[in-house]
Amino acid sequence: MNADVAVIGVGTMGSMATWQLAKRGISVLGFEQYGIGNDRTAAGGESRLFRTAYMEGKEYVPLLLEARKLWEQLEYETNRKLLTLNGGLTIGDPNTDVMKSLLNSIDEFELDHEILQGKEASERFPQHRLFPEDIMVLDKNAGFLRPELAVVSAVEKAESLGAKIKRYTTVEGIYPDKNGVKIIANGLAYQVGKVLITTGAWTGKLLPQLRKQLIARRLVLTWFAPKNVEEFEPDKFPIFARMRKGYRLTGTPTLDGTMVKASNTKNPEAVLKPDNLNRDVSSEELIEVGEAVEQLLPGLVPNPVRASVYMDAYTEDDHSMVGRLPEMDNTFLISGFSGHGFKMSPVIGKVAADLIVEGETRHSIGHLDPHRYAKA
Ligand SMILES: Cc1cc2nc3c(=O)[nH]c(=O)nc-3n(C[C@H](O)[C@H](O)[C@H](O)COP(=O)(O)OP(=O)(O)OC[C@H]3O[C@@H](n4cnc5c(N)ncnc54)[C@H](O)[C@@H]3O)c2cc1C
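Residues numbered from 1 in each chain as written. Predicted model: local features only at pLDDT ≥ 70, side-chain atom pairs only at ≥ 80, totals over all residues. Heavy atoms only, no water.

## Some thoughts on the overall build of the protein
To be explicit about the condition: Helix and strand assignments come from DSSP, with helices taken as H or I runs of at least 4 residues and strands as E runs of at least 2, each series counted from the N terminus. Values of the radius of gyration come from C-alpha atoms, whereas the globule rule sets the reference at 2.2 Å times the count of residues to the power 0.38. Relative accessible area decides the class of each residue, using a 1.4 Å probe on protein chains only: under 20% of the type maximum gives buried, over 50% gives exposed, and in between gives partly exposed.
Helix and strand counts for the protein come out as 9 helices and 20 strands. Against the 2.2 N^0.38 benchmark of 21 Å for 376 residues, the protein shows a C-alpha radius of gyration of 21 Å, consistent with a compact globule. With respect to the three principal axes, the spread of C-alpha positions in the protein is 65 × 45 × 45 Å. Looking at the protein as a whole, 56% of its 376 residues are labelled buried.

## Brief notes about the environment of Ile174
Short version of the rule: Here, residues are in contact when the closest pair of their heavy atoms is within 4.5 Å.
Mapping Ile174 onto the fold places it in strand β10 (residues 171-177). Sequence-wise, Ile174 and Gln191 are 17 residues apart; in three dimensions their C-alpha atoms are separated by 10.0 Å. For Ile174, the contacting residues outside a window of four places in its chain are Ile8, Val181, Lys182, Val195, Ile197, Leu206 and Met328.

## So, the environment of Lys273
With respect to the helices and strands, Lys273 occurs in the loop between β17 (269-270) and α7 (283-296). Its relative accessible area of 56% is what places Lys273 among the exposed residues. With 71 residues separating them in the primary sequence, Lys273 and Trp202 have C-alpha atoms 8.4 Å apart.

## Side note on the sheet that holds strand β8 (residues 143-145)
Quick reminder of the rule: For two strands to count as paired, DSSP must find a minimum of two bridges between them. The axes used here are C-alpha line fits, helices contributing only the stretch in contact, and every angle between their N-to-C directions lies in the interval 0 to 180 degrees.
Spatially, the 3 strands line up as an open sheet ordered β3-β8-β4, and their pairing is antiparallel. Two strands bound the open sheet, and with one partner strand each, they are β3 (48-50) and β4 (83-84). With 3 bridges joining them, β3 and β8 adopt antiparallel strand pairing. Across the sheet, Arg48 pairs through a bridge with Leu145, a residue of β8. On top of the sheet, helix α2 (residues 61-78) reaches β3, β4 and β8; it is set at about 120° to β3, its chief contact.

## Looking at the nonpolar core
What counts here: To form a nonpolar core, buried Ala, Val, Leu, Ile, Met, Phe, Trp, Tyr and Cys residues must be joined to one another through side-chain atoms within 4.5 Å. Each domain's extent is set by a domain assignment, obtained either automatically or from a database.
Of all hydrophobic cores here, the largest spans 59 residues; its most connected members are Trp71, Leu196, Val322, Ile334, Met344 and Ile348. The residues that make up this core include at least three from each of domain 1 (3-44 + 148-206 + 317-373) and domain 2 (85-144 + 215-314). Setting aside chain neighbours within four positions, we find Trp71 in contact with Met16, Phe50, Leu82, Leu83, Leu145, Ala150, Phe342, Lys343, Ser345 and Pro346.

## Describing the domain arrangement of the protein
Under the convention used in this document: Throughout, the accessible surface (probe 1.4 Å) given up by two parts as they are put together, summed over both, is called the buried area. Note on definitions: salt bridges are taken to be side-chain nitrogens of Lys or Arg within 4 Å of carboxyl oxygens of Asp or Glu.
We note that the domain assignment places domain 1 (3-44 + 148-206 + 317-373) and domain 2 (85-144 + 215-314) within the protein. Interface area, domain 1 with domain 2, both sides summed: about 1100 Å², of which 52% is carbon and sulfur. It is Ala201, Trp202 and Ser338 in domain 1 that bury the most area against domain 2; as a group they hold 35% of the surface buried on that side. Counting across the domain 1 and domain 2 interface gives 1 salt bridge. One salt bridge connects Asp275 with Lys205, and the closest N-O pair in it is separated by 2.6 Å.

Following this line, the structure appears as structure tokens:
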């Protein structure tokens, strides 16, 4: 037996699950096809938004509140700054479904927030140009994460607790047997008790039976030069998300004192072969996001100064799959975070450790059950 548990794919979720398993004294063998914290995974691109008021569904709020504590725990254990809570604005028409869902999550969990509109909103956050129907919801428990460093930190901590990670090692097959699970990676065989699959956008490649449920999608991140950088420092410019027909513009304050991230992540296109992701960004894509920025963020020069391409695995309902895999003994899956999983990764890692070690979790994750597709 090479380990109690193998974690396949040590990116966002894999790093957090490895940390959580190692903390419980479980022997873990991780397999990562690239290096740790590399820029080809869904954790690339300098920052990720952390939000607690949640338009994607109020059922996430308890997970997000726990995630916040775990981010602080990881910061404490690794002596690194990973989460900056500088607030978060969601801007839009309160009559739309997403804004209603966001306000619902606030009401139900009495989340710390402010609602601004009209002159008051424009004076407080003049960086945003508003439409007459827009409101601004300021989530006080929001901010940004440093994703690459977070993955590196979780792995570093897990390794210090005894986890073993095989870098540049691709898992080619998983075979449950009477002793647990056999894994073939870079042509060699390994035997473990249980397996956790955290292969993100590559999951359909490793598990072809899930290719239709877990679609890899391509997202383009873009950065813009501010006319006056001081207006876009973290203390003046909270993270933001704006939804309108045709785009979903999200962004962060300047992190390097020269650029501000503002990206359109609406309707990301499907990627048939994740190993052949098109990393070129077309002029059309740059023009489209530039037009949205020109309309909504007049303090930015509307031509992107940086653009990079990433992938995430999407499900049909944009809820991930977290749990045992139907018809594969001793095999667990965490995938399909549909462009919004980073913020919750430490709590999802903890849930995975609960399920693997205890067979159950106290967290409410019914909406993430992989069996919902089997049932359908
Ligand atoms: C551009 C972009 C912006 C986003 N913005 C936000 C945001 O602001 N806030 C937020 O909360 N979420 C955001 N997300 C979503 C979030 O980043 C993802 O949901 C999350 O990172 C997915 O984690 P994962 O572990 O499933 O995938 P990954 O982090 O990609 O990890 C998968 C890992 O598996 C490895 N792997 C795959 N196949 C194999 C194999 N066969 N053998 C060995 N290793 C393998 C890969 O190399 C990779 O390291 C964004 C995503 C993208 C792409």
